[in-house]
Every structure is written in C-alpha cells, then in structure tokens.
Protein chains: 2
Amino acid sequence: QTQKALEEIDACQNEIDALNEQASEEILRVEQKYNRLRKPHLEQRSELIRKIPNFWLTAFLNHPQISPLIDETDEEAFHHMTKLEVEEFEDIKSGYRIKLHFAENPYFENDIVTKEFHLGSAGKPVSQSTPIRWKAGMELTRQHPPADTKGHKRGHSSFFMWFGDHNDPTSDEVAEVLKDDMWPNPLQYYLLPDNDGENG
Amino acid sequence: QTQKALEEIDACQNEIDALNEQASEEILRVEQKYNRLRKPHLEQRSELIRKIPNFWLTAFLNHPQISPLIDETDEEAFHHMTKLEVEEFEDIKSGYRIKLHFAENPYFENDIVTKEFHLGSAGKPVSQSTPIRWKAGMELTRQHPPADTKGHKRGHSSFFMWFGDHNDPTSDEVAEVLKDDMWPNPLQYYLLPDNDGENG
C-alpha cells in the first residue's frame, strides 16, 4: 500500500513540478516584457544624465555604501564617468553585467569598464571583469599610504579594486547596490543632500 | 540647464517607477494564479503522504540540514507528525507560515505547531510562533545531557527549539529549507537512500 501511495505522490509531484516550471516561464516573460518597456526610458535617462556635470561622481559619493570605497584620487577619475548601465542577460536568471562608461581620461585607456556575474558550472555565480588598461604611472589600485596629511580617513583603498575582486561573487555587495539600488533610481542619490527630510 | 535636465530625469524616472510597479503587480498575479493551480495537487499530495507511516520523520532525517537538529527524543514526537503545510500570505511579499500538524501524542497538546514570518514595522522580517503546550514532564526543549551512554553525537538539542528562536528572522535557515526545499518536493527526501546515484 505504501508503494502505491508513493507512486501516486510521484504522479502528483510531477503535476506540481510542471506547474512550477510554467510559473517560472511566465514570470520570465513578464520580466522580459518590462525590460523591453523600460529600455527607451532608461536610455533617455542616460542621455539626460550626460548633460549634468559630475552626476555619477555625486551620486556615488552620496551613496552610503559606495562612498567609502571612493578615495580622493578615484574622484578625479569619476569626473570622467559618463554612463552607468546594468544589462540583464537574455535569460535573466543567468546573470547580469554592470558597465561604467568613461570619457577619455588621464587614468586608463578603457572607455567602458565592466564586471559581470553569471552562473558557473556548479550553478553558483561567478564574476569576471574587464582588465583595466592603466596609463603609465596612473594605476589607482596600487596600495595607498595609510593616511593623508589632512588626516582624512577616506582614501585607503580604490573603488577600482572592486573590478578585480572575485572572492565572493555570491554576495558582491557593491554589485548588488549598483544593480538594485543605484541603477533603479540614481536621481535620489544625486539629489540626496538637498532632499534631506523631504521623505519624512 | 542642469535644473531643466534634472526635471526631465525626474519625469523619466516616474515613467520607470510606474513600469516597475506594473511589473511587480503582474508578477504577483502570476504567482497567485499558480498558487491557486498548485493547491489541489498539494492537498492531494498531503492526503497521500498521510497514508505512509513516518513519511515526515523519514524525510526530515534524510535532509542534510534538518537531520542534525532532530535528537532521539524528538524522533518519538515526529512519529506523530501528519502533515507539513507552507502558506504564503495573500500578498505574497508580506510573508508566509509553516505549519507542522501532529496527531495526538505524548509530548504536547497542540495539533498544529506553526512559525510564521512577516514584515515588521521597519520592513524587515519578524517571526512568531505557536507556544508549544507541553504535557507534564515531556518538554523536549529542555537542555539534554551533553552526550548519551552510546556516545551518540546527535541529540544535543531539540528541533522544537527552532519554534522559539526569533533571533535572526531575516535568515532563518530552517524556515528557508522547509519552505524552499522540503515543501516543493518532500518525496525526494523520503526516497533519498534508495535513490542514491539516480541523478548522476
């Protein structure tokens, strides 16, 4: 009798599994649809942001989790950042790519620096990134002196170290903040200091 | 000119936010639809499982993350477990409830013991659970002696401690395992020892 019940449970489970599969596919189609619908607005937003000097530097410095990673020499490089882009891969579940666009600048040759996350062979996220082609003597990721003469605490490491850090791609906090917080609404961080208290 | 661009970004952002809102609602409707479609199959599965003696004890003991939490006296109580249920709340995002059903047993009066997770006032998950009404002298959650005479390592704590543990509801590993692994497919854990290698 147990054997019969097990066979019936198995049949039942197949129905449930099939429904789960259908649900995932339907949700993926909804997400893809809205990715398409959002795209022109996101592109328009990028064009508008380009008109505002230091938009990205300001937004990054106003973000509580990103700001501590940007040291004073990084700031010089971020003056040249023109665009942030987060691309979900076609099969959304398989990963995403974060792209930082830069105008010509004294620090590196790349016009786009990317870091991407996709599922590795074990089904766990792995990350990889564009090697930064530093100009001679301009490598911002070299170790800085532990404190500057003005006693600033900020400035012990470079944001650009993040691109080369693939230690824990399953919980890359910077990537998550950029993808899920900065990218959905960068304006709120650009405006942060003037906006204080308005949400209260 | 910056002011004008900011206003245009703001308008653009409003369009994006509205699309995000629509996407969330549409996904929620898909999830609710499939919750409805799954329900009769899940109920049928529960009825079939009830016919199999010690189904839940076996599945729990075969689960790598749950098994270590079940001590030898817990096992006696789990002989009487008749049903596992996971209920998502109507607004799925707001939480879920895990229900363990028990037949009349020597340990406690409850026929259902539950632990539920919902968003607290700060938007973070909080958990609460049914107080277990232990029968006199049968409280399985009392401290056990550190080792038994047979030298078994298992048996230092009781699974039932989990119901009273609300320290870290944002990452309650037992709840996540029950909800996302055991509940979707308990049969695989019931069958685990016979099934070895079949997935390879």
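This is a predicted model, so every value here is computed, not measured. (Residues numbered from 1 in each chain as written. Chains lettered and ligands numbered in written order. Predicted model: local features only at pLDDT ≥ 70, side-chain atom pairs only at ≥ 80, totals over all residues. Heavy atoms only, no water.)

*Asks:* Sorry, what's going on with the overall build of chain A here?
*Replies:* Along the backbone of chain A there are seven helices and four strands. Starting at the N terminus and walking to the C terminus, you meet the elements of chain A as α-α-α-β-β-β-β-α-α-α-α. Burial statistics for chain A: of 200 residues in total, 42% are counted as buried. Put simply, 56% of the contacts in chain A that link residues at least 6 apart link residues at least 24 apart. Carbon and sulfur atoms provide 48% of the accessible area of chain A, an area that totals close to 11,100 Å². (Helix = DSSP H or I, 4+ residues; strand = E, 2+ residues; numbered from the N terminus. Buried < 20%, exposed > 50% of the residue type's maximum accessible area, 1.4 Å probe, protein only. Contact = heavy atoms within 4.5 Å. Areas by Shrake-Rupley, 256 points an atom, 1.4 Å probe, with all protein chains shown as cover.)

*Asks:* I would appreciate a short explanation of the sheet that holds strand β4 (residues 125–129) of chain A in the present structure.
*Replies:* One key point about sheets: their strands pair by backbone hydrogen bonds, in either a parallel or an antiparallel sense. Residues and elements named next belong to chain A. Across the sheet, which stays open at both edges, the four strands sit in the order β1-β2-β3-β4 with antiparallel pairing between neighbours. Of all the strands in the sheet, just β1 (81–88) and β4 have a single pairing partner and so form its edges. Each strand of the sheet is rotated relative to its neighbour by a mean of 10°, with strand direction disregarded. Pairing of strand β2 (residues 95–102) with strand β3 (residues 112–119), which is carried by seven bridges, proceeds in the antiparallel orientation. Residue pairing for β3: histidine 101 is matched across the bridge by isoleucine 112. Contacting β1, β2 and β3, helix α5 (residues 173–182) runs over the sheet at an angle of about 85° to β2. (Pairing = 2+ DSSP bridges. Axes fitted to C-alpha atoms, helices over the stretch in contact; angles between N-to-C directions.)

*Asks:* Any chance you could explain the environment of Arg97(A) here in plain terms?
*Replies:* Residues and elements named next belong to chain A. Along the chain, arginine 97 falls in strand β2. Take arginine 97: its relative accessible area is 25%, and that puts it in the partly exposed class. For the pair arginine 97 and aspartate 168, spaced 71 residues apart in the sequence, the C-alpha separation amounts to 16 Å. When sequence neighbours within four positions are dropped, the list of residues in contact with arginine 97 reads Glu85, Val86, Glu87, Phe89, Thr114, Lys115 and Glu116. Within the structure, the side chain of arginine 97 is placed 2.9 Å from the side chain of glutamate 116, a separation counted as a polar contact. (Polar contact = N/O pair within 3.5 Å; in protein donor to acceptor, adjacent residues only side chain to side chain.)

*Asks:* What is the right way to read the interface of chain A and chain B from this model?
*Replies:* Reports often express the size of an interface as the amount of accessible area lost when the parts come together. If you look at the interface, chain A gives 40 residues, while chain B gives 40 residues. Carbon and sulfur atoms supply 71% of the area that chain A and chain B bury against each other, a total of about 3,600 Å² over both sides. On inspection of chain A and its partner chain B, the count reaches two salt bridges. Among the ionic pairs, Lys33(A) bridges to Glu26(B), the shortest N-O distance being 2.6 Å. Counting the contacts that link chain A with chain B gives twelve residue pairs in polar contact (both at pLDDT 80 or more). (Buried area = accessible area lost by both parts, 1.4 Å probe. Salt bridge = Lys/Arg side-chain N within 4 Å of Asp/Glu carboxyl O.)

*Asks:* I keep staring at the pairing of strand β4 (residues 125–129) of chain B and nothing clicks. Help me out?
*Replies:* Along any regular strand, the residues point their side chains to alternate faces of the sheet. All names here are of chain B. Judged from the five bridges that link them, strand β3 (residues 112–119) and β4 form a sheet pairing that is antiparallel. If you follow phenylalanine 117 over to β4, its bridge partner there is serine 127. Counting the residues that bridge the hairpin from β3 to β4 gives five residues, and of these glycine 123 lies at a positive phi of roughly 80°.

*Asks:* Help me understand the UniProt feature "coiled-coil region" (unreviewed entry) in chain A in this model?
*Replies:* The UniProt record marks residues 2–29 of chain A with the feature "coiled-coil region" (unreviewed entry), using the residue numbering of this structure. Spanning residues 2–29 of chain A, this segment combines 100% helix with 0% strand, and its end C-alpha atoms are found 40 Å apart. (UniProt positions renumbered as here; feature names shortened; annotations may be inferred.)

*Asks:* Mind showing me how you'd approach the domain arrangement of chain A here?
*Replies:* Residue and element names in this part refer to chain A. For chain A, the domain assignment lists domain 1 (1–51) and domain 2 (53–138 + 156–193). Taking only C-alpha atoms, the centre of domain 1 and the centre of domain 2 are 28 Å apart. The partner domain 2 presents 15 residues to the eleven residues of domain 1 that form the contact. Interface area for domain 1 against domain 2, summed over the two sides, is near 1,100 Å², with a carbon-plus-sulfur share of 57%. Counting the surface domain 1 buries against domain 2, the share from its top three residues, Arg45, Ile49 and Arg50, is 46%. One can count zero salt bridges joining domain 1 with domain 2. At the boundary of domain 1 and domain 2, one finds two residue pairs in polar contact (both at pLDDT 80 or more). (Domains from an automatic or database assignment.)

*Asks:* Any chance you could explain the pattern of salt bridges here in plain terms?
*Replies:* Under the definition given, this model contains 20 salt bridges over all chains. Ionic pairing is found between Arg97(B) and Glu87(B), a salt bridge with its closest N-O pair at 2.9 Å. Note that Arg97(B) is positioned in strand β2 (residues 95–102) and Glu87(B) in strand β1 (residues 81–88), a separation of ten residues in sequence. Residue classification places Glu87(B) among the partly exposed positions, given a relative accessible area of 25%. In the salt-bridge network here, residues are joined through shared partners; they are Glu85(A), Glu87(A), Arg97(A), Lys99(A) and Glu116(A).

*Asks:* How should the sheet that holds β3(B) be read in this particular structure?
*Replies:* Residues and elements named next belong to chain B. Pairing in this open sheet of four strands is antiparallel, and the strands run β1-β2-β3-β4 from one edge to the other. The open sheet terminates on both sides in strands that have one partner only, identified here as β1 and β4. Averaged over all pairs of adjacent strands, the angle between strand axes in this sheet comes to 10°, irrespective of strand direction. Helix α2 (residues 55–62) contacts β1 and β2 of the sheet and is inclined by roughly 65° relative to β1. The sheet strands contacting helix α5 (residues 173–182) are β1, β2 and β3, and the helix crosses β2 at an angle near 85°.

*Asks:* I'm lost on the relation of the copies chain A and chain B in this one. Help?
*Replies:* Taken together, a rotation about one axis and a shift along it account for how the two chain copies relate. Under the fitted operation, chain A is carried onto chain B by 0.0 Å of movement along the axis and a turn of 180°, and the coordinates agree to an RMSD of 0.0 Å. Such values leave the two copies arranged in the relation of a two-fold axis. Proximity to the rotation axis, assessed at the C-alpha, singles out Ile27(A) in chain A; its C-alpha lies 3.0 Å from the axis. The overlap is high: 100% of the interface residues of chain A also sit at the interface in chain B, so the same surface is used on both sides. (Least-squares fit on C-alpha atoms with pLDDT ≥ 70 in both.)

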